[in-house]
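Read off the chains here:
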Amino acid sequence: MVSLDDLQQLETIKVKSSQKTQVIFKHSTRCGISRMVMNQFIDSYNFTEDDLDLYFLDILNHRDVSNEVGIKFQVRHESPQLLVVKEGVVVAHASHGQINALDLSSFV
């Protein structure tokens, strides 16, 4: 998991998404539900760097990046939230309990 903490990384994610699926996990460190969902996600995560790139965004420490994710990828902010980026656009997103129901293998 790569820490997403710089606005310039968003352009990198957009560009890299034409070659490989990019995934952003937005997480609030103050929210128990967000922590629970993230732990479940990590426990069930079974992809390698060859499959996709996974970014972790701490929305409290990097609010500017979190806000720009919504603008750049045209997705309303939620937390926790998972965004799947391919060809420069979000092709799937989910929040809260739906995150772990999202089948990432269909985007690899």
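The preceding data block contains the structure.
Residues numbered from 1 in each chain as written. Predicted model: local features only at pLDDT ≥ 70, side-chain atom pairs only at ≥ 80, totals over all residues. Heavy atoms only, no water.

S.K.: Looking at this structure, I do not really get the overall build of the protein. What am I missing?
M.R.: In terms of helices and strands, the protein carries three helices and five strands. If you list the helices and strands of the protein from N to C, you get β-α-β-α-β-α-β-β. What you see for the protein is a C-alpha radius of gyration of 12 Å, in line with the 13 Å of a compact globule of 108 residues. Classification of the 108 residues of the protein by burial places 43% in the buried group. Considering only contacts within the protein whose residues lie at least 6 apart along the sequence, 64% involve residues at least 24 apart. On the protein, roughly 5,900 Å² of surface is accessible, and the fraction owed to carbon and sulfur atoms is 47%. Charge centroids of the protein, computed over 10 positive and 14 negative side chains, lie 6 Å from each other. (Helix = DSSP H or I, 4+ residues; strand = E, 2+ residues; numbered from the N terminus. Rg over C-alpha atoms; globule rule 2.2 N^0.38 Å. Buried < 20%, exposed > 50% of the residue type's maximum accessible area, 1.4 Å probe, protein only. Contact = heavy atoms within 4.5 Å. Areas by Shrake-Rupley, 256 points an atom, 1.4 Å probe, with all protein chains shown as cover. Lys, Arg positive; Asp, Glu negative; His and termini not counted. Charge placed at Lys NZ, Arg CZ, Asp CG, Glu CD.)

S.K.: What should I look at first to understand the pairing of strand 3 (residues 52-58) in this one?
M.R.: Side-chain direction in a regular strand flips from residue to residue, so the side chains alternate between the two faces of the sheet. Summarising burial for strand 3: six of the seven residues are buried, a large majority. Bridge analysis of strand 1 (residues 2-3) against strand 3 gives two bridges, and the strand direction is parallel. Looking at strand 3, one finds that Ser3 is bridged to Phe56. Read from strand 2 (residues 21-27) through helix 2 (residues 32-44) to strand 3, the crossover connection turns out right-handed. (Pairing = 2+ DSSP bridges. Right-handed = clockwise from strand over helix to strand, strands pointing away.)

S.K.: It is not clear to me how unusual backbone geometry should be interpreted in this structure. Could you clarify?
M.R.: In the segment running from Ser79 into Pro80, the intervening peptide bond is cis, with an omega of 0 degrees. Take Pro80: it is sitting in the loop between helix 3 (63-73) and strand 4 (81-86). Positive phi, normally seen in glycine, also occurs at Gln74, with a value near 55 degrees. Structurally, Gln74 is set in the loop between helix 3 and strand 4. Given a relative accessible area of 70%, Gln74 falls into the exposed group.

S.K.: Before we go on, may I ask you to explain the pattern of salt bridges in this structure?
M.R.: Tallying each qualifying case throughout the model produces four salt bridges. Here Lys16 makes a salt bridge to Asp53, at a shortest N to O gap of 3.0 Å. Residue Lys16 is found in helix 1 (residues 7-16), and its partner Asp53 is found in strand 3; the two are separated by 37 residues along the sequence. Lys16 sits in the partly exposed class, given a relative accessible area of 34%. Asp53 is paired through a salt bridge with Lys20; the nearest N and O atoms lie 2.9 Å apart. Residue Asp53 is found in strand 3, and its partner Lys20 is found in the loop between helix 1 and strand 2; the two are separated by 33 residues along the sequence. (Salt bridge = Lys/Arg side-chain N within 4 Å of Asp/Glu carboxyl O.)

Structural measurements only, silent on function.
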